Amino acid sequence: MAVAGVVGFILIFVEAMIVMYFKGYQTIEFGGLVPFINIWAMNFFLVFSFLTQLTNWYENREGFEKGEEDNSF
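Computed from a predicted model, the values in this text were never measured in an experiment.

K.L.:
Can you help me understand the overall build of the protein chain in this one?
P.N.:
A tally of helices and strands in the protein chain yields two helices and zero strands. Here the protein chain holds 73 residues, and 15% of them are scored as buried. Residue pairs at least 24 apart in sequence account for 67% of intrachain contacts in the protein chain once pairs closer than 6 positions are excluded. For the protein chain, the exposed area adds up to about 6,100 Å²; of that, 68% sits on carbon and sulfur atoms.

K.L.:
It is not clear to me how a nonpolar patch on the surface should be interpreted in this structure. Could you clarify?
P.N.:
A contiguous nonpolar patch, built from Val 3, Val 7, Leu 51, Leu 54, Trp 57 and Tyr 58 and spanning about 560 Å² of accessible area, is present on the exposed surface. Elements with a contribution of two residues or more to the nonpolar patch: helix 1 (2-23) and helix 2 (33-65). Among the elements that make up the nonpolar patch, the one with the highest residue count is helix 2 (four residues). One can find Leu 54 in helix 2.

K.L.:
It is not clear to me how helix 1 should be interpreted in this structure. Could you clarify?
P.N.:
It helps to recall that an α-helix has 3.6 residues per turn; residues three or four apart then point in one direction. Taking 1.5 Å per residue as the helical rise, helix 1 with its 22 residues ought to reach 32 Å, and the 32 Å between its terminal C-alpha atoms agrees with that figure. Buried within helix 1 we find Ala 4, Gly 5, Gly 8, Ile 12, Ala 16 and Met 20. Looking down the long axis of helix 1, one finds its buried residues gathered within 155° of arc, a one-sided arrangement. Along helix 1, the residues that are exposed and aim more than 90 degrees away from the buried face are Ala 2, Val 3, Met 17, Tyr 21 and Phe 22.

K.L.:
Sorry, what's going on with the environment of Ile 10 here?
P.N.:
Residue placement: Ile 10 occurs in helix 1. For Ile 10, a relative accessible area of 47% gives the class partly exposed. Spatially, the C-alpha atom of Ile 10 lies 9.1 Å from that of Asn 43, the residues being 33 residues apart in sequence.

K.L.:
I'm lost on the packing of aromatic side chains in this one. Help?
P.N.:
Between two aromatic rings, the relevant description is the distance of the centres plus the angle of the planes. In this structure the tally under the stated criterion is seven aromatic pairs. Centre to centre, the rings of Tyr 21 and Phe 22 are 5.4 Å apart; their planes meet at 65°, and the pair counts as edge-to-face. Comparing Tyr 21 with Phe 22, the two get one shared label, exposed. An aromatic cluster is present here, built from Phe 9, Phe 13, Phe 30, Phe 36 and Trp 40 joined pairwise through their rings.

K.L.:
Teacher, can you tell me more about the side chain of Asn 43 here?
P.N.:
With respect to the helices and strands, the residue Asn 43 is situated in helix 2. Aside from chain neighbours lying at most four places away, what touches Asn 43 is Gly 8, Leu 11, Ile 12 and Glu 15.

About the cut-offs
Residues numbered from 1 in each chain as written. Predicted model: local features only at pLDDT ≥ 70, side-chain atom pairs only at ≥ 80, totals over all residues. Heavy atoms only, no water. Helix = DSSP H or I, 4+ residues; strand = E, 2+ residues; numbered from the N terminus. Buried < 20%, exposed > 50% of the residue type's maximum accessible area, 1.4 Å probe, protein only. Contact = heavy atoms within 4.5 Å. Areas by Shrake-Rupley, 256 points an atom, 1.4 Å probe, with all protein chains shown as cover. Patch = residues over 30% accessible without salt bridge, like charges linked within 9 Å, V, L, I, M, F, W, Y side chains within 5 Å. Salt bridge = Lys/Arg side-chain N within 4 Å of Asp/Glu carboxyl O. Expected span 1.5 Å × (residues − 1). Arc of directions from axis to C-beta. Phe/Tyr/Trp six-rings, centres within 6.5 Å; stacked < 30°, edge-to-face > 60°.

So, in structure tokens, the structure goes:
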């Protein structure tokens, strides 16, 4: 979970840089602490879901390589 929190925080600034580049802005105002935390929460759950699926894929991949039976439900 800590990795998802840190990457979610970094994604805020990556997204802000992309918006500033395309719109030609010099700065972005998030509108306060609450909208900033909401964006961070959305990014956290996005990264958390990606990491969860990646972990599940990696764990199931090892079983298939060894010839074990299919345990996906």
